[in-house]
Amino acid sequence: MAFLAADAYDSFMGRFSRHLAGPFADRAGVAAGQRALDVGCGPGALTAVLVERLGVEQVEAVDPAPAFVEAIGQRLPGVTVRLGTAEALPQEDDSVDVTMSQLVVHFMADPVAGLTQMARVTRPGGTVAACVWNLERGGDGPVSAFHTAVAEIDPEWAGGQEHRLGGTRGELGSLFRAAGMDRLTEDRLTVEVPMESFAAYWEPFRMGVGPAGDYVTGLSDPARADLEARVRSLLPDGPFTMSVSAWCVVAQV
């Protein structure tokens, strides 16, 4: 069951987050000799990059989903992975050099509390980094075209997604500052993600992963077909490359 959940996430969002993880680690200055923590690790896109760069003994991970914790344990043997939330991290104070959270802050129950915890477990002089897809309407996140199409038929739902904290310009930095971190840089990370076809882009939306997947699977067949046609009109049909961006903040503690 763990692999079913992990594989579904990989098909939907992992295809984007895998391309983001390396540049995100670069931006955070991940380097040999450090000990790193991945907060909200999911099935391990960023965790795998940290293991590759630092070694399995130097990487820890936390996620609130038992299925993802189990998947990490099987995919990356030797990684210390624990069940837990960002708002109550199980790690001790000042125990890691770099604490990272990829595509998670906007899903935290209390983003400021989560970022405060990330700073707590990071050694003085260490790094806390987070990134969130660009969720602005008409933006360039992986689900921007989907949100644009949904806004035509269900503006209330689309508006709620756009207002997830951290997903618009300047919000992520404001959350860091509210958590007591003001020595920071904030910019945009853009990566290129190849798509074989529109169908390859659309099909994972039918798997029920995340808010977008829940929305699609909750539609009637005619409404789903209408939404698919609207999204299709916004994207190429044949092979294409998506240029997708995330807001990224890197802070020193």
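Residues numbered from 1 in each chain as written. Predicted model: local features only at pLDDT ≥ 70, side-chain atom pairs only at ≥ 80, totals over all residues. Heavy atoms only, no water.

S.K.: Tell me what's going on with the overall build of the protein chain, and back it up with residues and numbers.
M.R.: A count of helical and extended segments in the protein chain gives ten helices and seven strands. For the protein chain, the C-alpha radius of gyration of 18 Å lies close to 18 Å, the compact-globule estimate for 253 residues. Across its three principal directions, the C-alpha atoms of the protein chain cover 55 × 35 × 30 Å. Looking at the protein chain as a whole, 53% of its 253 residues are labelled buried. Residue pairs at least 24 apart in sequence account for 74% of intrachain contacts in the protein chain once pairs closer than 6 positions are excluded. If you sum the accessible surface of the protein chain, you get close to 10500 Å²; carbon and sulfur atoms cover 53% of it. (Helix = DSSP H or I, 4+ residues; strand = E, 2+ residues; numbered from the N terminus. Rg over C-alpha atoms; globule rule 2.2 N^0.38 Å. Buried < 20%, exposed > 50% of the residue type's maximum accessible area, 1.4 Å probe, protein only. Contact = heavy atoms within 4.5 Å. Areas by Shrake-Rupley, 256 points an atom, 1.4 Å probe, with all protein chains shown as cover.)

S.K.: Tell me about the nonpolar core, and name the residues and values.
M.R.: Ranked by internal contacts, the top residues of the largest apolar core, which has 61 residues, are F146, Y201 and L227. Here this core takes nine residues from helix 1 (residues 2–28), the largest share from any one element. Apart from the residues lying within four places of it in its own chain, the contact partners of L227 are F146, A149, V150, I153, W202, Y215, V216 and L219. Ranked by size, the runner-up nonpolar core spans 24 residues in total, among them A119, V121, A130 and F176. (Core = buried A, V, L, I, M, F, W, Y, C linked by side-chain atoms within 4.5 Å.)

S.K.: Hey, could you go over the state of the cysteines for me, with residue numbers and the actual values?
M.R.: Tallied over the full model, the rule gives zero disulfides. Residue C41 stays outside any disulfide, its sulfur separated by 14 Å from that of C131, the closest cysteine. Counting only cysteine sulfurs, C131 is the nearest neighbor of C248, a cysteine outside any disulfide, at a range of 5.7 Å. Of the residues examined, C248 reaches a relative accessible area of 1% and is grouped as buried. (Disulfide = S-S within 2.5 Å.)

S.K.: Explain the environment of L76 to me, using residue names and the numbers behind them.
M.R.: Relative to the elements of secondary structure, L76 occurs in the loop between helix 3 (66–75) and strand 3 (80–83). For L76, the contacting residues outside a window of four places in its chain are G44, T47 and A48.

S.K.: Summarise the packing of aromatic side chains; cite the residues concerned and give the values.
M.R.: All told, the structure shown has eleven aromatic pairs when counted by the stated rule. Residues F146 and F205 carry aromatic rings whose centres are separated by 4.9 Å and whose planes lie at 25° to one another, so their mutual orientation is stacked. In this pair, F146 sits in helix 5 (residues 144–153) while F205 sits in the loop between helix 8 (198–202) and helix 9 (210–217), placing the two residues 59 residues apart along the sequence. Residues W157 and Y215 carry aromatic rings whose centres are separated by 4.5 Å and whose planes lie at 35° to one another, so their mutual orientation is tilted. One end of the pair, W157, is in helix 6 (residues 155–162); the other, Y215, is in helix 9, with 58 residues separating them in the sequence. For Y215, a relative accessible area of 12% corresponds to the buried category. A connected cluster of aromatic rings, assembled from ring pairs, spans F12, F146, W157, F198, Y201, W202, F205 and Y215. (Phe/Tyr/Trp six-rings, centres within 6.5 Å; stacked < 30°, edge-to-face > 60°.)

S.K.: Let's hear about unusual backbone geometry: which residues, and what values?
M.R.: A positive phi angle, near 55°, is found at D94, a position not held by glycine. With respect to the helices and strands, D94 occurs in the loop between strand 3 and strand 4 (96–102).

Purely geometric stuff here, so don't read any function into it on its own.
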